[in-house]
Amino acid sequence: MDRETYPNTEAIRAEQSTGAQQGIRAEQSTGARRAPSYVRLLETGELRRRVEALEALLERCTVCPRDCLNNRLKDEIAACYSGQLPIVSSYTPHFGEEPALVGIRGAGNIFFGNCNLRCVYCQNYQISQTHKEQIKNEVSHERLAEMMQELQSQGCHNINFVSPTHFAPQMARAILIAAEQGLDVPIVYNTNAYDSVAVLQLLHGIVDIYLPDLKYADDEAGYLYSKVKGYKEYSRLAIAEMYQQTGDELFFSEDGLLQRGLVIRLLVLPNDIAGVRESLEWIRDSLSPRVAVSLMAQYYPTNQAGKTRRNILLSRRISESEWLRAVAALDEMRMEEGWMQEFDGAAYYYRPDFTNLELPFKDIRDFRT
């Protein structure tokens, strides 16, 4: 099956009711739902060992490529403004992800506060760049595990950790606690891709689905618009490690829900700032032309975008011609696995408001009957 478009809620409902959403290509694996890998790691004791290895990285923090070396176990604060305990800004069933993650009851999104990037156009800036306010959302590992159990009990098809990079050890600890209490849905690692390879290696088998953004094809854009050095190198190394773990095959349950695999998101930015074609060429040539790609049209100027001359190139929505060029690049490279957003409406559909912590995304109303 070729790329699906979303959000078309009527079409999604029709697919869900007929069972037509069975994956992206005919040779992809489908079958009875199986236990996530972290359940097997729990049974062997390997999950606990991995958690302890991840937590050791917090003493001189090397959890992301910034390598701040602060002691987060003593709540020493550096670039991500985060200490020992996780910060959860919101958790909720979410229907704005790719269709194979959403199903009929939604992805179980857990939004971590703060971030290791400072994207000037961040759509979640209310929680990613307000560390003085977010400290009040600090929770224990046990409470985070309870949130996961709550989302599973509501019928969510997975636990989707949004911006997990700087809280990877805390996330793993909570997964251990929740797994001991019966958690058994897939774990989604929804990341900006500025991740440490060493951390990702320790997450092998803990994470079922990698969902990285590949934001830029050059380091200059990463520095100008996300305030980090070496984004191109570090993100590609991270995604290559994810690919090493998953390969290019997606595994689905019988009802078409994604259980395991890698999906790379490409957000089209104005004035080709993202370098979508270059990123697609890298995915095709360095990974595989069969890797699933999610092409996104939801950009709109928010946060600091367009407020200063430095960000003026980001001060508008993308044009239809910019979107069509990105789609054409996918077609020219014969990369047909994945999803794409509908151009019309995407920039208005995905506009969170985290002042409403229980319902930051209004899209949930489109799925309630």
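Counting restarts for each chain: residues are numbered from 1 in the order of the written sequence. Reporting of local features is limited, given that this is a predicted model, to residues whose pLDDT is at least 70; pairs of side-chain atoms are given and counted only at 80 or more, and all residues count toward the totals for whole chains, interfaces and linings. Note that the side-chain values use all heavy atoms of the structure and ignore hydrogens as well as water.

Engineer: Which residues make up the overall build of the protein chain, and what values go with them?
Structural biologist: Numbering goes from the N terminus for both helices and strands, where a helix is a DSSP run of H or I of at least four residues and a strand is a run of E of at least two. Helix and strand counts for the protein chain stand at 14 helices and 11 strands. Between buried and exposed lies partly exposed: a residue is buried under 20% and exposed over 50% of the maximum accessible area for its type, with that area taken using a 1.4 Å probe on protein chains only. The buried share among the 369 residues of the protein chain stands at 60%. Partitioning the intrachain contacts of the protein chain with sequence separation of at least 6 by distance along the chain shows that 74% fall at a separation of at least 24. Using a 1.4 Å probe, the Shrake-Rupley method yields the accessible areas, and only the shown protein chains count as cover for residues. Counting every atom, the protein chain has about 14900 Å² of accessible surface; 47% of that belongs to carbon and sulfur. Note on definitions: a residue-residue contact is assigned when non-hydrogen atoms from the two residues lie within 4.5 Å.

Engineer: Can you lay out the nonpolar core for me, pointing to particular residues and giving the numbers?
Structural biologist: Take the buried residues of types Ala, Val, Leu, Ile, Met, Phe, Trp, Tyr and Cys, join any two whose side-chain atoms come within 4.5 Å, and each joined set is a nonpolar core. In terms of nonpolar packing, the biggest core is built from 106 residues, with Tyr121, Met148, Phe161, Leu203 and Leu295 touching the most fellow members. Broken down by element, this core gets its largest block of residues, nine residues, from helix H8 (residues 168-180). Filtering out sequence-adjacent residues up to four positions away, Leu203 remains in contact with Arg50, Leu54, Ala168, Met171, Tyr189, Tyr210 and Gln245. Membership of the second largest hydrophobic core comes to five residues, among which are Phe111, Ile127, Phe354 and Phe361.

Engineer: A description of the packing of helix H3 (residues 46-56) against H8 should follow, citing residues and the corresponding values.
Structural biologist: Angles run from 0 to 180 degrees between N-to-C directions of axes, and those axes are lines fitted to C-alpha atoms, restricted for helices to the stretch in contact. In the contact formed by H3 and H8, the axes pass within 8 Å of each other and the chain directions differ by 155°. Taken together, the axes of H3 and H8 lie roughly antiparallel to each other. Remark: the crossing between H3 and H8 carries left-handed chirality. Here Leu47, Arg48, Val51, Glu52, Leu54 and Glu55 of H3 come into contact with H8, specifically with Ala168, Pro169, Ala172, Arg173, Leu176, Ala179 and Glu180. When its residues are assigned to classes, the contact of H3 with H8 shows eight nonpolar, no polar and five charged. Each angle gets one of four labels, with under 35 degrees taken as roughly parallel, over 145 as roughly antiparallel, 65 to 115 as roughly perpendicular, and the rest as oblique. With the far helix as reference, a near helix turned anticlockwise by less than a right angle produces a left-handed crossing, and one turned clockwise produces a right-handed crossing. The classification used treats Ala, Val, Leu, Ile, Met, Phe, Trp, Tyr, Cys and Pro as nonpolar, Asp, Glu, Lys and Arg as charged, and all other residues, Gly among them, as polar.

Engineer: Which residues make up the pattern of salt bridges, and what values go with them?
Structural biologist: One speaks of a salt bridge when a side-chain nitrogen belonging to Lys or Arg is within 4 Å of a carboxyl oxygen belonging to Asp or Glu. Applying the stated criterion across every chain yields a total of 13 salt bridges. Between Glu180 and Arg48 there is a salt bridge whose closest N-O contact spans 2.8 Å. Placement of Glu180 in helix H8 and of Arg48 in helix H3 is noted, with a sequence separation of 132 residues between them. Taking the shortest distance from any N to any O, the salt bridge between Arg265 and Glu97 comes out at 2.4 Å. Note that Arg265 is positioned in strand S9 (residues 258-267) and Glu97 in the loop between strand S3 (88-94) and helix H4 (99-102), a separation of 168 residues in sequence. Like Glu97, Arg265 is buried. Through salt bridges that share partners, Glu46, Arg49 and Arg50 make up one connected network.

Engineer: Lay out the environment of Asn116 in plain terms, naming residues and giving numbers.
Structural biologist: Mapped onto the elements, Asn116 comes out in the loop between strand S4 (107-112) and helix H5 (125-128). Through-space distance from the C-alpha of Asn116 to that of Lys227 is 9.3 Å; in sequence the pair is 111 residues apart. At 2.9 Å, the side chain of Asn116 and the side chain of Asn192 are in polar contact. Nitrogen and oxygen atoms within 3.5 Å of one another constitute a polar contact, given that in protein one can donate a hydrogen and the other can accept it, and given that sequence-neighbouring residues count only through two side-chain atoms.

Engineer: I'd love a proper account of the pairing of strand S7 (residues 209-212), names of residues and values included.
Structural biologist: Burial along S7 is two-sided: Ile209 and Leu211 facing one way and Tyr210 and Pro212 facing the other are all buried. Whether two strands pair depends on DSSP finding at least two bridges between them. Of the strand pairs in this sheet, strand S6 (residues 187-191) and S7 are connected by four bridges, and their pairing is parallel. The residue bridging Asn190 from the neighbouring strand is Leu211, located in S7. Think of it like this: strands point away, you trace from the first strand over the helix to the second, and a clockwise trace means the crossover is right-handed. Where the polypeptide runs from S6 across helix H9 (residues 197-202) and back to S7, its parallel neighbour, the crossover connection is right-handed.

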